[in-house]
Amino acid sequence: MKKFSALSALFFVSFNLSSEIKQLNFLYTNDLHAHLQPHIEQWISKTRPVGGFANLATLIKEEKSTNPNTLYIDAGDYFSGPYISTLTEGEAVIDTMNLLGVDAACIGNHEFDHGWESMLDKFEMATFPIVNGNIFYEGTDELIWDNPYVILESNGLKIGVIGLHGKFAFYDTTNFKMVDGLEARDEEYYLRKYIEELEPITDLIVLSVHEGVPGRQSTKGLSDVERTLSKDIDLAKNVPGVDIMITGHAHKGTPDALLSNETIIVSTNAYSIELGKLVVSYDTEKNKIVDYSNELITIFDDEIEDDPEMSKVIDYWESQVQKIALKEVSFTTDKMVRAYGEESNMGNLFADAAEEYDEKIDFAVINSGALRQDLDPGVLTKGDLISAFPFPNTLVMTKITGAQIEGLFNHAAGMTNGVLQVSKSFKYVIDSNGEIKELRLNGKPINRKKTYWVASTNFVTLGGDGYWEFTESIEYEDTNIFIVDVVEEYLKDKPRYLQLLVPQVLFSQQTFSKFCYTLRLCKMLA
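Keep in mind it's a predicted model, so treat the numbers as computed, not measured.

Asker: Now, about the confidence of the model for the protein: what can you tell me, with residues and values included?
Answerer: Here the protein averages 89 in pLDDT, while 89% of its residues score no lower than 70. Contacts for the low-pLDDT stretch residues 501-515, under 50 throughout, to residues beyond four places or in other chains number 31 contacts.

Rendered as structure tokens:
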């Protein structure tokens, strides 16, 4: 018995001598959305530009130089934002990301904006690993991008990085025309599958995932829809085994990392305005993370020296698109802004242009999530319009019933994908319960049994953002003309365009009728 005790003690001492606490730094971004250049984010500063790939590259190089045990992972949606991405179909983005030192990146819904074939062509140009394990060619077991995970090594540890896309997010926010022939499958099933494959051969498992609800697209803050990371929290609860989850799609930053079922969950506020930094301590005896710290580093342009190599590549791509981007279209004396939960003057512009396209159109709607960048007063260029609406969506005219129109606006009132921006001929009222109270066309109530011609984008009319009523339209006519071109044509005879910013107004039941119809969208107080 004593001999056994002595051997046990010797084994215990030897085992403890072999244990070690190892530190790893994880840098992370998500939803970069082609913000290669520094820009103003009103909620951060009205005067100090933030973000930009040249600044981001400098920070990442400094971090990796200071601590070689550093990995940089992105959680998707690097395409679609300022015009440089749209005009190059993402090629400029991949070319610049090649200089960021990305160790792994998953695929987001906006990587499909120019069609999956174009996406694959651009991915072939990437010098960094792109991972996804649950988007397949329809009806087959062949992944569209056959790289479900990558195994990285840092500080003597093996880290498996899995890439996934939320099934709901895929079908909710991709343009179905651009993903025809593809299907997304249950992320929980495939996460379990890849964890099972990686656990025997890695020390840590990281999930880079694009899922949940889409990010709020707005300049106006607290009154808009609050976005959470609940889908990520639930995924961690349902599927144990992930050490770190880096998530995108919700544009929701985590100054303090979330913890769910021992999974650390982190994300940034998007648009290259922040670099996330998660530092973890890994116990080699316990085979787990025993401590961590997290921060979001705001990237102020006036505090960081541009990376010269990155600046050179960005300047090259800017020069390639200037002929189109600098074309003058109109002039505005007011700032054009977006809003996710209320009427906006930018929404008015795009909806009015759509309504004016054809005489038979009764009114037009634009989904708030399509509007991506505010426009300053002054000359409006083609590049400005593309940056404001960066998607290659075409204008579609549909013939639908009043009952279907009611269904569309009931969905919009629920705020899951933001309100519908409407054209000048249409007005609606949302009551204090978040339900539609009135729908009016040219001052007259919508008749549920009557039919109307309603215009919108091919994304929305194919059911995007949950507007499924459009998919059962009586008639469907795709003009095959890009929305941006429709707006450009609309502004041709308007050398000075004035669309005043409409403030959010909430009306009580006693007072709304007197004032409400000066606006297109009214919300009533309880």
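Still more to cover.
Asker: Go over unusual backbone geometry with me, naming the residues and quoting the values.
Answerer: Of note in this structure, Ala270 is not a glycine but carries a positive phi near 80°. Checked against the element boundaries, Ala270 lands in the loop between β12 (263-266) and β13 (274-283). Take Ala270: its relative accessible area is 1%, and that puts it in the buried class. At Asn442, a residue that is not glycine, the phi angle is positive and equals roughly 50°. Looking at the element boundaries, Asn442 is found in the loop between β21 (436-441) and β22 (444-445). According to the relative accessible area criterion, Asn442 is exposed, its value standing at 59%.

Asker: Tell me about the pattern of salt bridges, and name the residues and values.
Answerer: Counted under the stated rule, the structure contains 25 salt bridges. The closest approach of N and O atoms between Asp307 and Lys61, which form a salt bridge, is 2.8 Å. On the criterion of sequence distance, the pair formed by Asp307 in the loop between β14 (288-298) and α9 (308-325) and Lys61 in helix α2 (residues 53-66) is long-range, its members being 246 residues apart. Judged by relative accessible area, Asp307 falls into the buried class, the value being 7%. On the basis of relative accessibility, which here comes to 40%, the residue Lys61 falls in the partly exposed class. Salt bridges here are not isolated pairs; linked through shared partners, they connect Lys327, Lys382, Asp485 and Glu488.

Asker: So what about the environment of Tyr137? Which residues, and what values?
Answerer: By secondary structure assignment, the location of Tyr137 is in strand β5 (residues 135-137). Discounting residues that sit within four places of it in the chain, Tyr137 has contacts with Trp116, Leu120, Glu142, Leu143, Ile144, Gly181, Leu182, Glu183 and Arg185.

Asker: Please set out the packing of aromatic side chains residue by residue, giving values where relevant.
Answerer: Applying the stated rule across the entire model yields 21 aromatic pairs. Residues Phe363 and Phe409 carry aromatic rings whose centres are separated by 6.5 Å and whose planes lie at 40° to one another, so their mutual orientation is tilted. On the criterion of sequence distance, the pair formed by Phe363 in strand β16 (residues 363-367) and Phe409 in helix α12 (residues 402-413) is long-range, its members being 46 residues apart. Exposure remark for Phe363: the relative accessible area of 1% places this residue in the buried category. Phe409 gets classed as buried once you look at its relative accessible area, which sits at 1%. For the pair Phe389 and Phe391, a centre-to-centre distance of 6.1 Å together with 75° between the ring planes defines the contact as edge-to-face. With relative accessibility at 1%, the residue Phe389 sits in the buried group. Here a set of aromatic residues connected by ring pairs shows up, and it is made of Phe136, Tyr149, Tyr189, Tyr190 and Tyr194.

Asker: Mind laying out α12, listing which residues take part and the relevant values?
Answerer: For α12, built from twelve residues, the straight-helix expectation of 16 Å at 1.5 Å per residue is met to within 8% by its first-to-last C-alpha distance of 16 Å. Along α12, the residues classified as buried are Gly402, Gln404, Ile405, Gly407, Leu408, Phe409, Ala412 and Ala413. Where the residues of α12 are buried, they touch β16, β18 (394-401), β19 (420-422), β20 (426-430), β21 and β23 (451-457). In the segment just after α12, Met415 is the residue with positive phi, at about 65°.

Asker: Could you give an account of a negative patch on the surface, with specific residues and numbers?
Answerer: A contiguous patch of negative charge, built from Glu117, Asp121, Glu124, Glu138 and Asp180, is present on the exposed surface. Looking at where Glu124 falls in the secondary structure, it is placed in the loop between α5 (116-123) and β4 (130-131). Exposure remark for Glu124: the relative accessible area of 62% places this residue in the exposed category.

Asker: Tell me about the side chain of Thr174, residues and numbers included.
Answerer: As for its placement among the helices and strands, Thr174 is situated in the loop between α6 (167-173) and β8 (182-184). Polar side-chain contacts of Thr174 include one of 2.5 Å to the backbone oxygen of Phe170. If we skip the residues at most four places from it in the chain, Thr174 touches Asn109, Phe112, Ala169, Val179 and Phe459.

Asker: Which residues make up the sheet that holds β18, and what values go with them?
Answerer: If you walk across this open sheet you meet the five strands as β19-β16-β23-β18-β24, and the pairing is mixed. The outermost strands of the open sheet, each flanked by one partner alone, are β19 and β24 (475-482). Put simply, the sheet's adjacent strands are angled 30° from each other on average, direction ignored. Pairing geometry for β16 and β23, over two bridges, is parallel. Pairing of Ala364 across the sheet is with Ala455, part of β23. In this fold helix α10 (residues 345-356) packs onto β16, β18, β19 and β23, with an angle of close to 140° to the strand it touches most, β16. Those strands touched by helix α14 (residues 483-491) are β18, β23 and β24, and its axis lies near 75° from that of β24.

Asker: Break down the pairing of β13 for me, citing the residues and quoting the values.
Answerer: Of all ten residues that make up β13, ten are buried, and the element is covered over most of its length. Side chains Glu274, Gly276, Leu278, Val280 and Tyr282 of β13 all project onto a buried face; the interleaved residues Leu275, Lys277, Val279, Ser281 and Asp283 project onto the opposite face, where all are buried too. In this sheet, β14 lies alongside β13 in antiparallel orientation, the contact comprising ten bridges. Along β14, the bridge assignment pairs Leu275 with Ile297.

About the thresholds
Residues numbered from 1 in each chain as written. Predicted model: local features only at pLDDT ≥ 70, side-chain atom pairs only at ≥ 80, totals over all residues. Heavy atoms only, no water. pLDDT = per-residue confidence, 0-100. Contact = heavy atoms within 4.5 Å. Helix = DSSP H or I, 4+ residues; strand = E, 2+ residues; numbered from the N terminus. Buried < 20%, exposed > 50% of the residue type's maximum accessible area, 1.4 Å probe, protein only. Salt bridge = Lys/Arg side-chain N within 4 Å of Asp/Glu carboxyl O. Phe/Tyr/Trp six-rings, centres within 6.5 Å; stacked < 30°, edge-to-face > 60°. Expected span 1.5 Å × (residues − 1). Patch = residues over 30% accessible without salt bridge, like charges linked within 9 Å, V, L, I, M, F, W, Y side chains within 5 Å. Areas by Shrake-Rupley, 256 points an atom, 1.4 Å probe, with all protein chains shown as cover. Lys, Arg positive; Asp, Glu negative; His and termini not counted. Charge placed at Lys NZ, Arg CZ, Asp CG, Glu CD. Polar contact = N/O pair within 3.5 Å; in protein donor to acceptor, adjacent residues only side chain to side chain. Pairing = 2+ DSSP bridges. Axes fitted to C-alpha atoms, helices over the stretch in contact; angles between N-to-C directions.

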